[in-house]
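A closer look at the structure
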Amino acid sequence: MDILTSKADGILTIEFNRIERKNAITGVMYQAMADALVDAESDDAVRAILIAGKPEIFTAGNDLDDFMKNSKPVEGVPPEMRPVFQFMRALSGSSKPVVAAVSGAAVGIGTTLLMHCDLVYAADNAKFSMPFSQLGLCPEFASSLLLPQLAGFPRAAEKLLLGEAFLAQEAYDMGLVSKVLPLEELRPYAQRQAAKLVALPAASIRATKSLMKRSRTAAINETMGAENALFGAMLLAPEAKEAFTAFFEKRKPDFSKFA
Ligand SMILES: C/C=C/C(=O)SCCNC(=O)CCNC(=O)[C@H](O)C(C)(C)COP(=O)(O)OP(=O)(O)OC[C@H]1O[C@@H](n2cnc3c(N)ncnc32)[C@H](O)[C@@H]1OP(=O)(O)O
């Protein structure tokens, strides 16, 4: 199983488990996470959600092979029904508190999804990147809105225009991360924080989260729509094909021939 889910003591834990591919996320994995989140939404026994990777890697982001093979529109299937949309919609709209424990690299959607979590804990080996421009793509799932809001435009531009990677301390300084911890303390700490949420009155947690997110929900949804229309087209463009092919051929992409 490339995604592990378990429920215990009021916490739904979702864990990336595809270490041989650096936890790169396929459609099947997005669907498994979407299903777990949708199920949790209607399960009163779940009072907090914990998302984690492996000590050496959170996730390498979307599986690039999946991007190459499964990006064409499918007749009769609206783009919003794709597993990645179902997952991000369920995460962004979750009424339950979501804790993320990040260690190792969090690439692409691996960093974007953190902007939709509530408590984000990073190990001192965490490394974040949104290399969309390096892949011939553009930001997705409201990162073009949320990152400038969190970090200010100039810093967000370094991360989104250049796709530069950044370490845990910078992520903390930018407001993307709640706290940085030594790797060995990360998981127990995130678990304890989730347990604290479980022990608090669920109605208070729900109300607090909903009030904190209320003013930006419409903007997030509108931005996701605009980004995803562009992203879907860019996935099929020659720049992305060159970037994906170059990755698997273990060479630098050559974008010089594209205007
Ligand atoms: C809507 C969502 C959008 C997005 O998420 S866009 C972002 C897409 N992701 C990426 O562009 C990241 C690509 N991966 C990497 O840059 C690197 O990997 C890492 C920095 C994550 C790790 O580097 P290292 O430790 O050197 O590992 P390795 O040798 O590159 O990878 C080990 C095996 O894993 C495969 N793999 C890694 N990432 C992906 C991926 N994203 N999709 C498919 N396969 C991936 C490789 O090819 C390789 O495989 P083999 O052992 O056969 O050479």
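Just above sits the structure.
Residues numbered from 1 in each chain as written. Predicted model: local features only at pLDDT ≥ 70, side-chain atom pairs only at ≥ 80, totals over all residues. Heavy atoms only, no water.

**A few points about the side chain of Glu227**
For the record, the criterion: Comment: elements are numbered from the N terminus, with helices defined as DSSP H or I runs of at least four residues and strands as E runs of at least two. A 1.4 Å probe rolled over the protein chains alone gives each residue an accessible area, and that area as a share of the maximum for its type sets the label: buried under 20%, exposed over 50%, partly exposed in between. Residues scored as charged are limited to Lys and Arg (positive) and Asp and Glu (negative), so that His and the chain ends carry no count. Note on definitions: salt bridges are taken to be side-chain nitrogens of Lys or Arg within 4 Å of carboxyl oxygens of Asp or Glu. It only takes one pair of heavy atoms within 4.5 Å for two residues to be counted as in contact.
Checked against the element boundaries, Glu227 lands in helix α10 (residues 217-235). Lacking a salt bridge, the buried Glu227 has Arg216 as its closest oppositely charged neighbour, with an N-O distance of 13 Å. Apart from residues lying up to four places away in sequence, Glu227 is in contact with Cys138, Pro139, Glu140, Phe141, Ala142, Ser143, Ser144 and Leu145.

**Remarks on the site of the ligand**
The line we're drawing: Residue proximity to a molecule or strand is established when one non-hydrogen atom of the residue lies within 4 Å of it. Think of a polar contact as two N or O atoms within 3.5 Å of one another; within protein, one of them needs to be a possible hydrogen donor and the other a possible acceptor, and neighboring residues in sequence only count if both atoms come from side chains. Using a 1.4 Å probe, accessible areas were evaluated by the Shrake-Rupley method; residue-level cover was limited to the displayed protein chains.
Contacts to the ligand come from 20 residues, most closely from Ala60, Asn62, Leu64, Ile109 and Lys250. Within the backbone of Leu64, a nitrogen or oxygen atom sits 2.9 Å from a nitrogen atom of the ligand. With respect to the ligand, the side chain of Lys250 contributes an N or O atom lying 2.8 Å from an oxygen atom. Protein burial of the ligand: of its 980 Å² of free accessible surface, 71% is covered by the chains. Of all the elements in the fold, those that place two or more residues in the shell around the ligand are α2 (64-69) and α11 (238-248).

**Observations regarding the pattern of salt bridges**
The final tally for this structure, using the stated rule, is twelve salt bridges. The closest approach of N and O atoms between Glu15 and Lys54, which form a salt bridge, is 3.6 Å. Here the residue Glu15 occupies a position in strand β2 (residues 11-16), and Lys54 occupies one in the loop between β3 (48-52) and β4 (57-59), the gap between them amounting to 39 residues. Among the residues examined, Lys54 registers a relative accessible area of 17% and is labelled buried. For Arg251, the salt bridge identified is with Glu242, shortest N-O distance 2.8 Å.

**Focus on the packing of aromatic side chains**
Counted only if it meets this: Note on ring pairs: Phe, Tyr and Trp rings are taken, using the six-membered ring of Trp, and paired if centres are within 6.5 Å. Classes follow the plane angle, with under 30 degrees stacked, over 60 edge-to-face and the rest tilted.
One pass over the structure, following the stated rule, counts eight aromatic pairs. Plain terms: the ring middles of Phe85 and Phe141 are 5.4 Å apart, the flat faces sit at 75° to each other, and that makes the pair edge-to-face. Taken together, the residues span a long stretch of sequence, with Phe85 in helix α3 (residues 83-92) and Phe141 in the loop between β8 (127-129) and α5 (143-151) at a distance of 56 residues. Under the relative-accessibility criterion, Phe85 is labelled buried at 16%. On the basis of relative accessible area, Phe141 is assigned to the buried category, the value being 5%.

Everything listed is a geometric property; what it means functionally is a separate question.
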